[in-house]
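Coordinates in review
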Amino acid sequence: GKRAGGKAEAPPVSPKLAPANKKRRKSIDSADAVSADNAEAPVKKKRRRSRGESADASDDAEVVTNSGKRRVDEMEEANKDKQPKKKKDRAARDAVCFRYLKGACKFDDCKFQHVNPKKLTQEEQAQVLKELPLRAFDRELGEVIQQLNIPKCKDFHQRGGCSRPPGKCHFWHLTTGDAARWAGFEFWCDVCSKSFTSKDQMEEHSKAVPHLRALAASRQRGGGGQGAWGRGAGGRGG
């Protein structure tokens, strides 16, 4: 079994074993190719959660969601509480100081505006006229207001209605004896909603036919009526 030169020869391969070796080699190559493909592809691991674990995770997510929603609701509620306060504070800062109008405010840090009565803007004057009838009559302040010579609103008193929103007109809307008194009219007819500056004017009005008709109609409606007398407030007095 040796060639010349002393090298051993490989044993002859049996013809019957050759096809088997080829098949084996082919299968090994195929297996190597599959292994290489698997190595390149990302491995996806799937893990099943138990029912209990899924429920716990769902509960945790719901708790977080509800907690966040509750926090948002609390913040919105807090903002709602702050908004009216801010509006109230802003309204107070924009309001005119009635004590200052008559020269009686002693506060340097007053939260209301200190405005010279003769320099009131239309908006400030409208605000003053809106609030005066709601206050107890103050003769000293009344004199200051009357010196401004604010006229009655012609649209309201003569033309059937004012186009401005209630409380926004800078002229007088005399609808009560209180408002009339602030405007300088000491006498007021509740039945006819008319104001007068003197007792003589009031007496003359009380004898006039239009007033007597209005008084009779008011009594038929059950309004009673206080006649034409009314000094300052609500049609009463003398």
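Residues numbered from 1 in each chain as written. Predicted model: local features only at pLDDT ≥ 70, side-chain atom pairs only at ≥ 80, totals over all residues. Heavy atoms only, no water.

**A short note on the overall build of the protein**
Just so we agree on the cut-off: Strands here mean DSSP runs of E at least two residues long; helices mean DSSP runs of H or I at least four residues long; both are numbered from the N terminus. Relative accessibility under 20% of the residue-type maximum defines a buried residue, over 50% an exposed one, and the middle range a partly exposed one, all with a 1.4 Å probe and only protein chains included. Any two residues whose heavy atoms approach within 4.5 Å are treated as being in contact.
For the protein, the count of helices and strands is 9 helices and 2 strands. Element order for the protein, N to C, with α for helix and β for strand: α-α-α-α-α-α-α-β-β-α-α. Across the 238 residues that make up the protein, the buried fraction comes to 21%. Once local pairs closer than 6 in sequence are excluded, the contacts in the protein between residues at least 24 apart make up 42%.

**Some points on the environment of H170**
Looking at the secondary structure, you find H170 in the loop between helix 6 (154–158) and helix 7 (177–182). Placed 45 residues apart in sequence, H170 and Q125 show a C-alpha to C-alpha distance of 5.5 Å. Beyond its immediate chain neighbours, meaning those up to four positions away, H170 contacts Q122, Q125, A126, L129, I150 and R164.

**Some words on the environment of G142**
Structurally, G142 is set in helix 5 (residues 139–146). The class for G142 is buried, based on a relative accessible area of 0%. Not counting chain neighbours up to four residues away, the residues in contact with G142 comprise F137 and W182.

**Some points on the pattern of salt bridges**
Just so we agree on the cut-off: For salt bridges, the criterion is a side-chain nitrogen of Lys or Arg within 4 Å of an Asp or Glu carboxyl oxygen.
Within the structure shown, the criterion is met by 3 salt bridges. The partner of D138 in a salt bridge is K102, with the nearest N and O atoms 2.5 Å apart. One end of the pair, D138, is in the loop between helix 4 (122–131) and helix 5; the other, K102, is in the loop between helix 3 (98–101) and helix 4, and 36 residues separate them in sequence. Overall, K102 belongs to the partly exposed group, its relative accessible area being 22%.

**Some thoughts on the nonpolar core**
Short version of the rule: In this text, buried Ala, Val, Leu, Ile, Met, Phe, Trp, Tyr and Cys residues form a nonpolar core when linked through side-chain atoms within 4.5 Å.
L101, V128, L132, L141, I145, W172 and L174 are the most contacted members of the largest nonpolar core, which totals 19 residues. Contributions of two or more residues to this core are made by helix 3, helix 4, helix 5 and helix 7. Here this core gets 3 residues from one element, more than from any other, and that element is helix 7. Ignoring any residue separated from it by four or fewer positions in sequence, one finds L174 in contact with K152, F156, H157, A179, A180, A183, F185, W188 and S195.

**What about helix 5?**
Quick reminder: α-helices carry 3.6 residues per turn. Residues three or four places apart thus point the same way. We apply this condition: Comment: arc refers to directions from the helix axis out to C-beta atoms. Polar contact is the term for a pair of N or O atoms within 3.5 Å; when the atoms are in protein, one must be able to donate a hydrogen and the other to accept it, and sequence-neighboring residues count only if both atoms are side-chain atoms.
For helix 5, every residue scored as buried is listed here: L141, G142, V144 and I145. The arc that holds the buried residues of helix 5, viewed along the axis, is 160°, so those residues lie on one side. Buried residues along helix 5 sit in contact with helix 3, helix 4 and helix 7. Sitting at the head of helix 5, D138 places a side-chain oxygen 3.0 Å from the backbone nitrogen of E140.

**Points about the confidence of the model for the protein**
Here is the rule we go by: A score between 0 and 100, pLDDT records how confident the predictor is in each residue.
Mean pLDDT for the protein: 75, with 54% of residues reaching 70 or above. Across residues 232–238, confidence stays below pLDDT 50; counting only partners more than four residues off in sequence or on other chains, it has 20 contacts.

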